[in-house]
Amino acid sequence: MNKLPIESIIDKIIPYTYSTQSQPLRKDITTFYFIYNRFSEIFKLNKDLFNNDFAWYYLVISDEIQKHYRVKILNQTPQEFRESNFNKTYIKNKSDVYIIRTLLAKMAPVERLKFVFSIGS
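Remember, it's a predicted structure, so these values are computed and weren't measured experimentally. Along each chain, residues carry numbers from 1 onward, in the same order as the chain's sequence is written. Where totals are concerned, whole chains, interfaces and linings use all residues; where local detail is concerned, this predicted model gives features only for residues with pLDDT of at least 70, and gives and counts side-chain atom pairs only at 80 or more. Hydrogens and water are ignored here; the side-chain numbers use all heavy atoms of the structure.

Engineer: Please clarify how the nonpolar core should be interpreted in this entry.
Structural biologist: Soluble globular proteins tend to bury their nonpolar side chains together. What is meant by a nonpolar core is a set of buried Ala, Val, Leu, Ile, Met, Phe, Trp, Tyr and Cys residues, joined one to another through side-chain atoms within 4.5 Å. For each residue, the accessible area found with a 1.4 Å probe, counting protein chains only, is set against the maximum for its type, and the residue is called buried under 20%, exposed over 50%, and partly exposed in between. Ranked by internal contacts, the top residues of the largest apolar core, which has 20 residues, are F39, Y57, I65, I100, L103 and L104. Note on definitions: a residue-residue contact is assigned when non-hydrogen atoms from the two residues lie within 4.5 Å. Once residues lying within four places of it in the same chain are set aside, the contact partners of I65 are I99, I100, L103, L104, M107 and F115.

Engineer: Can you help me understand the packing of aromatic side chains in this one?
Structural biologist: The description of two aromatic rings rests on the distance between their centres and on the angle between their planes. Here is the rule: rings of Phe, Tyr and Trp (six-membered ring for Trp) pair when centre to centre is within 6.5 Å. Planes less than 30 degrees apart are stacked, more than 60 are edge-to-face, and the remainder are tilted. The full count for this structure, using the stated rule, is 13 aromatic pairs. On the basis of an interplanar angle of 35 degrees and a centroid distance of 4.5 Å, the ring pair of F54 and Y58 is categorised as tilted. Of this pair, F54 and Y58 both sit in helix α3 (residues 54-73), separated by four residues, roughly a single helical turn. Using a relative accessible area of 34% as the deciding quantity, one classes F54 as partly exposed. Look at Y57 and Y58: their rings are 5.8 Å apart centre to centre, the planes differ by 50 degrees, and that puts the pair in the tilted class. Look at Y58 and you get buried, because its relative accessible area is 5%. Taken together, the ring pairs connect F43, F50, F54, W56, Y57 and Y58 into an aromatic cluster. The ring of F34 has R38 lying over it, and the distance from NZ or CZ to the ring centre is 4.1 Å. The aromatic ring of Y36 is capped on one face by R101, whose charged end is 4.8 Å from the ring centroid. Segments assigned H or I by DSSP are reported as helices when at least four residues long, segments assigned E as strands when at least two residues long, and all are numbered from the N terminus. Placement of a positive charge over a ring is assigned whenever Lys NZ or Arg CZ falls within 6 Å of the ring centre and within 35 degrees of the normal to the ring plane.

Structural data, given as structure tokens:
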């Protein structure tokens, strides 16, 4: 059996194995990383406020994002949220970084921006 030349595979077959992502998905990914990376920048600018303790800072952000998600997206009371399957699946016994990344990923791009603007208000 003959093998295909590598040039044919690279030039003729490989280009058809990739497809570009849709504009909404690219926007979603871009805003996710933009906002997630801003948290690191905010910490660097305000690290004295948090005694140079990144874990404490992430705890504060985790609490804020959980509250925002519970109130603005799920429309649940604290008790409903604690008892929900959502909490048991995505929040309970998870690290603060995991919670932040998961809830940011579940938000629409506009909702992520609303969250960032709501911090501290």
